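# Notes for the structure review
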Amino acid sequence: MGWLSMTSAGMAGHANPKAYLDDQFTFNNTLDGGGTRGMRVIDSAFVGNRVWYAAVEIIGNGEPQYVTAMVCQVRWNPKAKDGYVFAYKDNAESEGPCDDGCPARILRLLSATAKEHALNWRRRCLVRLRMHGRKVENGMRLRFPRPISFGDGHSGTEFIVVKIGEKITFRNAEGRGRYRITGFRDMSWTVVPETKVHRTVFAAPTASPIAA
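Attention here is on the structure that accompanies the text.

Rules and cut-offs
Residues numbered from 1 in each chain as written. Predicted model: local features only at pLDDT ≥ 70, side-chain atom pairs only at ≥ 80, totals over all residues. Heavy atoms only, no water. Salt bridge = Lys/Arg side-chain N within 4 Å of Asp/Glu carboxyl O. Helix = DSSP H or I, 4+ residues; strand = E, 2+ residues; numbered from the N terminus. Buried < 20%, exposed > 50% of the residue type's maximum accessible area, 1.4 Å probe, protein only. Pairing = 2+ DSSP bridges. Axes fitted to C-alpha atoms, helices over the stretch in contact; angles between N-to-C directions. Expected span 1.5 Å × (residues − 1). Contact = heavy atoms within 4.5 Å. Polar contact = N/O pair within 3.5 Å; in protein donor to acceptor, adjacent residues only side chain to side chain.

A few words now on the pattern of salt bridges. For side chains bearing opposite charge, pairing can occur when the charged atoms are close. Going through the model one piece at a time under the given rule, you end up with 11 salt bridges. Here R122 ties to E93 by a salt bridge, and the two come within 2.8 Å at their closest N and O atoms. Placement of R122 in helix α3 (residues 116–132) and of E93 in the loop between β6 (86–92) and α2 (104–107) is noted, with a sequence separation of 29 residues between them. Exposure remark for R122: the relative accessible area of 14% places this residue in the buried category. Judged by relative accessible area, E93 falls into the buried class, the value being 3%.

It is worth spelling out the sheet that holds strand β5 (residues 63–76) at this point. Taken in spatial order, the six strands of this open sheet run β1-β6-β5-β4-β3-β2, and their pairing is antiparallel. With partners counted over all chains shown, the strands left at the sheet margins are β1 (4–6) and β2 (27–30), one partner each. Along the sheet, successive strands turn relative to each other by an average axial angle of 25 degrees, direction set aside. Sheet topology note: the strand β3 (residues 36–47)/strand β4 (residues 51–60) ladder contains 10 bridges and is antiparallel. Paired with S44 across the bridge in β4 is A54.

Helix length check: α3, at 17 residues, gives a terminal C-alpha distance of 24 Å against a target of 24 Å (1.5 Å per residue), a fit within 8%. Within the span of α3, buried status applies to A118, W121, R122, C125 and M131. In this structure, the buried residues of α3 make contact with β4, β5 and α2.

On to helix α1 (residues 17–24). Given 3.6 residues to a turn, an α-helix orients residues that are three or four positions apart in the same direction. Here α1 has its buried residues at P17, Y20, L21 and D22. Tucked into the core, α1 has its buried residues touching β1, β3, β4, β5 and β6. For α1, the side-chain oxygen to backbone nitrogen distance between the N-cap and K18 is 3.3 Å, and the N-cap itself is N16.

This is the structure:
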């Protein structure tokens, strides 16, 4: 399916993409041959203001069948000059969506599946979650698999973390400069072990015996 674009009026009173998509993918239709078929959003997340992920329950004749994932790429610009503030493109997990930043809580709700594209998508999401779950601390030294180059001419594979609150920047291996590495959590970096120099402790001298 291609992109579907709309004005704020087309969003039917929904204040944001998450509210619209939660409603859009919750429905119950009567089939021509009898019976009903529907979907219900159990949980969803609008990640990075650009992708909507949802665990969606498939319902047949009023009975829950299984839970699958839906992924929508989103374009959201409330101040769009042409009035088209919202657009989305949807994919079922069985179609192998490109975006793989689905939150763990949604993945845990999904039913087992044998569909290859869905399994591959779930694996990619889990790998991304593990990579984003790596602990990053101030002063930590990271080594990247390939040199990263910057506008000031610096290029290197090792950088020192500068963490202030949730904001993370980097200094070069010599502790100079200030760099931003976009998407560094998605890269296969390793932590360079810190070499610690321990203070030498000498045993206290024993007293010499005094001759009587």
